[in-house]
Amino acid sequence: MYILEREQLLKTSIEEAWAFLENPHNLNEITPPDLHFTITTDTPEVMFDGLIIEYMITIPIIGRRRWVTEIKHIRKEHSFVDEQRLGPYRFWYHHHKISQETGGVRSFDTVYYPPPRGPAGHILNNLFINRTLQRIFDYRQKKLAARFSS
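To keep things clear, this report deals only with the structure shown in the data block. This one's a predicted model, so the numbers in the text were calculated from it and none came from an experiment.

**Some remarks on the pairing of strand β6 (residues 93–101)**
Both strand β5 (residues 79–86) and β6 contribute to a ladder of 5 bridges, which runs antiparallel. Bridge pairing in β6 links Asp 82 to His 94. Where β6 meets strand β7 (residues 104–113), 9 bridges bridge the pair, whose relative direction is antiparallel. Looking across to β7, one finds that Gln 100 is bridged to Val 105. The loop that links β6 with its antiparallel partner β7 comprises 2 residues; one of these, Gly 103, has a positive phi angle of about 90°.

In structure tokens, the structure reads:
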């Protein structure tokens, strides 16, 4: 199992940060355009425990794939999880957390994922999977910083 962790200070209030995060449609705004991310199911403006969201996403080298996640463990203005139900990973567990602190809101992302099995999986993770995830989360951090810059 591999873990990707990110942390960022957003210059905003907890209410404003949560209002952005709880709307599933905002994921489009913080996903790199080359992934051609598209939500393909009707989704509400505010997530709820048990919400199933289906997306189409282009994964470099692999191509266009369907990805289905479930939103769960929502703690309003604090945290939630999106967990893959169907998609490119054998397992995907993404914990989102925010907390108010001096100067803004601290945002934490922790993603647990296994690469393909065996030594090839470790090599693929080092050469491709982890680099792709780092690039996606770099983009996400830049977009969030720009959105909450004042």
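Structure shown, so let's carry the discussion forward.
**Focus on the packing of aromatic side chains**
The geometry of an aromatic ring pair is captured by the separation of the ring centres together with the interplanar angle, meaning the angle of the planes. Across all of its chains, the model carries 10 aromatic pairs by this definition. Centroid distance Tyr 2 to Tyr 113: 5.9 Å. Interplanar angle 25°. Geometry classified as stacked. Of the two residues, Tyr 2 is situated in strand β1 (residues 2–10) and Tyr 113 in strand β7; the sequence distance between them amounts to 111 residues. With a centroid separation of 4.9 Å and 40° between ring planes, the pair formed by Tyr 89 and Trp 92 is classed as tilted.

**A short note on the sheet that holds β6**
In sheet architecture, strand pairing relies on hydrogen bonds along the backbone and comes in two forms, parallel and antiparallel. Judged by pairing direction, the sheet is antiparallel, and its 7 strands sit side by side in the order β1-β7-β6-β5-β4-β3-β2 without closing on themselves. A strand with exactly one partner marks an edge of an open sheet, and here the two such strands are β1 and β2 (38–39). With respect to the sheet, helix α1 (residues 14–21) is in contact with β4 (63–75), β5, β6 and β7, its orientation differing from that of β6 by roughly 160°. Against the sheet, helix α2 (residues 118–147) engages β1, β3 (52–59), β6 and β7, with an angle of about 15° to β1.

Rules used throughout
- Residues numbered from 1 in each chain as written.
- Predicted model: local features only at pLDDT ≥ 70, side-chain atom pairs only at ≥ 80, totals over all residues.
- Heavy atoms only, no water.
- Pairing = 2+ DSSP bridges.
- Helix = DSSP H or I, 4+ residues; strand = E, 2+ residues; numbered from the N terminus.
- Phe/Tyr/Trp six-rings, centres within 6.5 Å; stacked < 30°, edge-to-face > 60°.
- Contact = heavy atoms within 4.5 Å.
- Axes fitted to C-alpha atoms, helices over the stretch in contact; angles between N-to-C directions.

By themselves, these observations are geometric and do not establish any function.
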